[in-house]
Amino acid sequence: MGTFSKLSWFFKEHRKRYLLGIIALVITAAANLVPPRVLGIMADQLDTGKIGWGQFFTYLIAIIIAAAFLYFFRFYWRKEIYGGAAILEKELRGKLYWHFLQMDRTFFQRYRTGDLMARATNDVQAVQNVAGDGILTLVDAIVTGGSTLIAMIFLVDWRLTLAAMLPLPLLTIIAQYLGRRLHDAYLDSQAAFSRLNNKTQESLSGIKVLKTFGQSEQDAEAFNQMTYETIGINKKVFRIDSLYDPLITLVIGVTYVITIIYGGSLVTSRAISLGQLITFVAYIGTMVWPMFAIGYLFNILERGSASYDRIDNLLKEKSLIVDSSDGKESERRLEGQLRYHITSFAYPDEPDQAVLKNVDFDLKPGQTVGLVGRVGSGKTTIIQLLMREFDNYKGRITFAGHDIRQVPLDVYLKEISYVPQNNFLFSMSVRDNIAFAKPDASKEEVEAAAKKAALHDDILAFPKGYQTMIGENGVSLSGGQKQRMSIARALLNNSEILILDDALSAVDAKTEKAILANLRKEREQKITVIAAHRLSSVMDADLILVMKDGRVAEAGTHDQLLGLGGWYKRMWDRQELAKKVGESDE
Ligand SMILES: Nc1ncnc2c1ncn2[C@@H]1O[C@H](COP(=O)(O)OP(=O)(O)OP(=O)(O)O)[C@@H](O)[C@H]1O
């Protein structure tokens, strides 16, 4: 019953719905008692030959009225109680989804996508079962069982009732024991399902790599292995599950035997009539369901409880990013200087390993900073701190005079447009992908952004132009087209800070030049941050930082850095040479 108290917040919120549903259930159960009783009376009167047509029709009408009641109230409780379960499912899914949106990067490193999806689907389903079938089974077991019991005592005989119900406590004790074992087995089974989900999700996402490396068979083998393991774990659940039904059937069988033997002797001694015994046997038939219900109830509750804990554990996770938003400032705009002063930063999972050390730069509106350096030198990390993906650094980043950790997240992030290394496009039209952050953008605005990202002509060549669908059911784009689509999306947003993280790597030198020229024009009054491997992407920046092992190794403009004769100069010469070789090859 602990499961119901875990969900008490929900039942309190929807008490009216559940109260009405339960009342309808009680009426249904009461109406259920009428037909057996009427049948018993008819049998007695038939036995004594005292029944006339008039009486016969009265009984028939009583049964028809009871059936009509049953029909209506069954419909009503289903609507209320299953409707409540659907609301709980919606609320839990909504809570989880919102929670996922609030969580920081480390959360998504700890929980894998397949696991999160399993909790948001399978576990939510098991919990909603508590609010639907769980409530129904509980109330039905109590009401049908209770009212039948009362009817047995008062309409037939209390001694026969007591004798027939003797095996019942045994059923409850064993069901409780099985319930506890089921809880643990079900937790294991849900964890196994999460692992299987992760595997499926990862294999499907990496299907191209899998095939290219000829790993399909090995992966299928690994998948089958995991499926067998999952089946093995699930078997334990089914084994415990399957112990319920034979137990209940046994208890019911014993009840019938007691009734026939003891009830028969009561009829012989004329303590009860034959009609009463028939009524009693019919009542035992009515008791079959409540008895099975006890087994089902434990099953539903234990599964729901295990799944609720899995969901609750996720919801209890706190984001490392504390938002100072009070929800009243969403209209606030920020504009001004960006001051980036980081003394040191380490990723939370490796706190002793400083990834950034003494990184300082200031940018006025209209200025651009270029971040270059070897792989793993810290470029993306600089951007992540700027985007408030981590707050646990020593130092300060201020924008428009405010420490960014003090500004509500939605106010701050609204001022940022970001083009990531791995472009992400949604399964929607080209137009909607570009206008993602500004859904009400006009056709002209969308087209202008696409032109600035040197993508307009490509789009016109698509089957349905801007209305062409992207993704699973639409066209596949080249790497360069995806990059330019992400750039167009960011440009349309026209935010105060634009961040390009190696976002021009898949476009050719000519297209890169055209996009950079458009960027300069477009971003005259705004701040731009460009991280790149190709130095031509940053050569026009007001400040270029050459990163090495998390430190700024060289800093200055393109000309200053060439003059320094360090890494930048060597890299520039190498890239220029490669370009010339490439051009002569063409
Ligand atoms: N989430 C993380 N947890 C722990 N260490 C990380 C994490 N992300 C990056 N690192 C480490 O931080 C260092 C800097 O990585 P970063 O991604 O900032 O480099 P980068 O210069 O952007 O590289 P690239 O040019 O390949 O994008 C690397 O040593 C990397 O292994």
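Keep in mind it's a predicted model, so treat the numbers as computed, not measured. All residue numbers here refer to positions counted from 1 along the written sequence of the relevant chain. Local features are withheld for residues below a pLDDT of 70 in this predicted model, meaning they are given only at 70 or higher, and side-chain atom pairs are given and counted only at 80 or more; totals for whole chains, interfaces and linings count all residues.

K.L.:
Looking at this structure, I do not really get the overall build of the chain. What am I missing?
P.N.:
Across its full length, the chain carries 20 helices and ten strands. Its C-alpha radius of gyration of 36 Å places the chain more than 25% over the 25 Å reference for a compact globule of 586 residues. C-alpha atoms of the chain, sized along the principal axes, occupy 120 × 50 × 45 Å. Residues counted as buried form 33% of the 586 residues belonging to the chain. In the chain, 80% of the contacts between residues at least 6 apart in sequence involve partners at least 24 apart. Helix and strand definitions follow DSSP, with helices as H or I runs of at least four residues and strands as E runs of at least two, each counted in order from the N terminus. Radius of gyration: C-alpha atoms only; globule rule: 2.2 Å multiplied by the number of residues to the exponent 0.38. Whether a residue is buried, exposed or partly exposed follows from its count of other C-beta atoms within 10 Å of its own C-beta, namely 20 or more, 12 or fewer, or something in between, respectively; the C-beta atoms are built from the backbone. Whether two residues are in contact depends on their C-beta atoms, placed from the backbone: they are in contact if these lie within 7 Å.

K.L.:
Looking at this structure, how should I read the sheet that holds strand β10 (residues 551-556)?
P.N.:
What holds strands together in a sheet is hydrogen bonding between their backbones, with the strands either parallel or antiparallel. We treat two strands as partners when DSSP finds at least two bridges between them. With mixed pairing, six strands are arranged side by side in an open sheet as β6-β7-β8-β3-β9-β10. What marks the edges here is a single partner per strand, and that holds for β6 (416-419) and β10. On average, adjacent strands in this sheet sit at an angle of 15 degrees to one another, irrespective of strand direction. Bridge count between strand β9 (residues 543-548) and β10: five bridges; the pairing is antiparallel. In the strand pairing of β10, Val-546 is matched with Glu-554. Fitting a line to C-alpha atoms yields each axis, with helices limited to the stretch in contact; the angle taken between N-to-C directions then spans 0 to 180 degrees. Sheet strands touched by helix α12 (residues 379-386): β3 (368-373), β7 (497-501), β8 (527-531) and β9. Its angle to β8, the strand with the most contacts, is close to 150 degrees.

K.L.:
I would appreciate a short explanation of the domain arrangement of the chain in the present structure.
P.N.:
We note that the domain assignment places domain 1 (2-316), domain 2 (331-413 + 500-586) and domain 3 (416-494) within the chain. As annotated, the domain borders come from an automatic or database domain assignment. Between the C-alpha centres of domain 2 and domain 3 there is a distance of 24 Å. Contacts between domain 2 and domain 3 engage 14 residues on the former and 15 residues on the latter. At five residues, helix α18 (residues 509-522) tops the list of elements feeding residues into the side of domain 2 that touches domain 3.

K.L.:
Before we go on, may I ask you to explain the pairing of strand β1 (residues 338-346) in this structure?
P.N.:
Put simply, side chains in a regular strand alternate between the two faces of the sheet. The pairing of β1 with strand β2 (residues 354-363) spans eight bridges and is antiparallel. The partner of Ala-346 across the bridge, within β2, is Ala-354. Taken together, the six bridges between β1 and strand β4 (residues 394-399) define a ladder with antiparallel strand orientation. Within β4, the position partnered with Ser-344 by the bridge is Lys-394.

K.L.:
Honestly, the nonpolar core in this entry has me stumped. Any pointers?
P.N.:
Each nonpolar core consists of buried Ala, Val, Leu, Ile, Met, Phe, Trp, Tyr and Cys residues. Their C-beta atoms, within 7 Å, join them into a set. Judged by nonpolar contacts, the single largest core of 65 residues is most densely connected at Ile-434, Ala-453, Ala-488 and Ile-499. The element that contributes the greatest number of residues to this core is helix α17 (residues 479-493), accounting for six residues. Here this core gathers at least three residues from each of two domains, domain 2 (331-413 + 500-586) and domain 3 (416-494). If sequence neighbours within four positions are ignored, Ala-488 has contacts with Ile-434, Ala-449, Ala-450, Ala-453 and Leu-455. In this structure, Ala-85, Met-152, Leu-297 and Leu-301 belong to the second largest nonpolar core, which totals 55 residues.

K.L.:
How do you make sense of the sheet that holds β2 when you look at a structure like this?
P.N.:
Taken together, four strands build an open sheet; the order of strands is β2-β1-β4-β5 and the sheet is antiparallel. Sheet topology places β2 and β5 (402-403) at the edges, where each strand pairs with a single neighbour.

K.L.:
Before we go on, may I ask you to explain the environment of Gly-21 in this structure?
P.N.:
Take Gly-21: it is sitting in helix α3 (residues 15-48). Here the alpha-carbon distance between Gly-21 and Phe-73, two residues 52 residues apart in the chain, equals 8.9 Å. When sequence neighbours within four positions are dropped, the list of residues in contact with Gly-21 reads Trp-77, Glu-80, Ile-81 and Gly-84.

K.L.:
Sorry if this is basic, but what is going on with the site of the ligand here?
P.N.:
Taken together, Tyr-347, Asp-349, Glu-350, Val-355, Gly-373, Val-375, Gly-376, Ser-377, Gly-378, Lys-379, Thr-380 and Thr-381 make up the full set of residues adjacent to the ligand. The element that contributes the greatest number of residues to the shell around the ligand is α12, accounting for three residues. For each residue, a C-beta atom is positioned from the backbone; the residue is called near a molecule or strand if that atom sits within 6 Å of it.

K.L.:
I tried to follow the packing of helix α4 (residues 53-102) against helix α11 (residues 274-316) on my own but got confused; where do I start?
P.N.:
Helix-helix packing: each pair is described by the crossing angle between the helix axes and the interaxial distance. At a closest axis distance of 10 Å, the pairing of α4 and α11 adopts a crossing angle of 35 degrees. α11 is crossed by α4, and the crossing has left-handed handedness. Here Leu-92, Lys-95, Leu-96 and His-99 of α4 lie close against α11, whose contacting residues are Ile-311, Leu-314 and Leu-315. Looking at the contact of α4 with α11, its residues break down into five nonpolar, one polar and one charged. For any helix crossing, the convention is left-handed if the near helix is rotated counterclockwise from the far helix by under a right angle, and right-handed if that rotation is clockwise. Ten residue types, Ala, Val, Leu, Ile, Met, Phe, Trp, Tyr, Cys and Pro, are classed as nonpolar, four, Asp, Glu, Lys and Arg, as charged, and the remainder, Gly among them, as polar.

K.L.:
So what exactly am I meant to see when it comes to the confidence of the model for the chain here?
P.N.:
Any residue range with low pLDDT should be treated as having predicted coordinates unsuitable for detailed reading. The quantity known as pLDDT measures the predictor's confidence residue by residue, on a range of 0 to 100. Model confidence for the chain is summarised by a mean pLDDT of 87, while 97% of its residues fall at 70 or above. Note on the complex model: pTM 0.74, ipTM 0.93.

K.L.:
Which parts of the structure should I look at to understand the packing of α3 against helix α6 (residues 113-156)?
P.N.:
It is the contact of α3 with α6, at a shortest axis distance of 9 Å, that shows an interaxial angle of 35 degrees. At the point where α3 passes α6, the crossing takes the right-handed sense. Judged by residue contacts, Tyr-18, Ile-22, Leu-25, Val-26, Ala-29, Ala-30, Asn-32, Leu-33 and Arg-37 of α3 engage Ile-135, Val-139, Asp-140, Val-143, Thr-144, Ser-147, Thr-148, Ala-151 and Leu-155 from α6. Its residues assigned to classes, the contact of α3 with α6 shows twelve nonpolar, four polar and two charged.

K.L.:
It is not clear to me how α3 should be interpreted in this structure. Could you clarify?
P.N.:
Along an α-helix, a turn takes 3.6 residues, which lines up residues three or four apart on a common side. For α3, spanning 34 residues, the distance from its first C-alpha to its last is 50 Å, which sits close to the expected 50 Å at 1.5 Å a residue. Tyr-18, Gly-21, Ile-22, Ala-24, Leu-25, Thr-28, Ala-29, Asn-32, Leu-33, Pro-36 and Gly-40 are the residues of α3 that are buried. Among the structural elements, α2 (8-13), α4, α6 and α11 are those in contact with the buried residues of α3. One or two steps after α3, the chain reaches Gly-49, where phi turns positive at roughly 70 degrees. Expected span of a helix: the number of residues minus one, times 1.5 Å.

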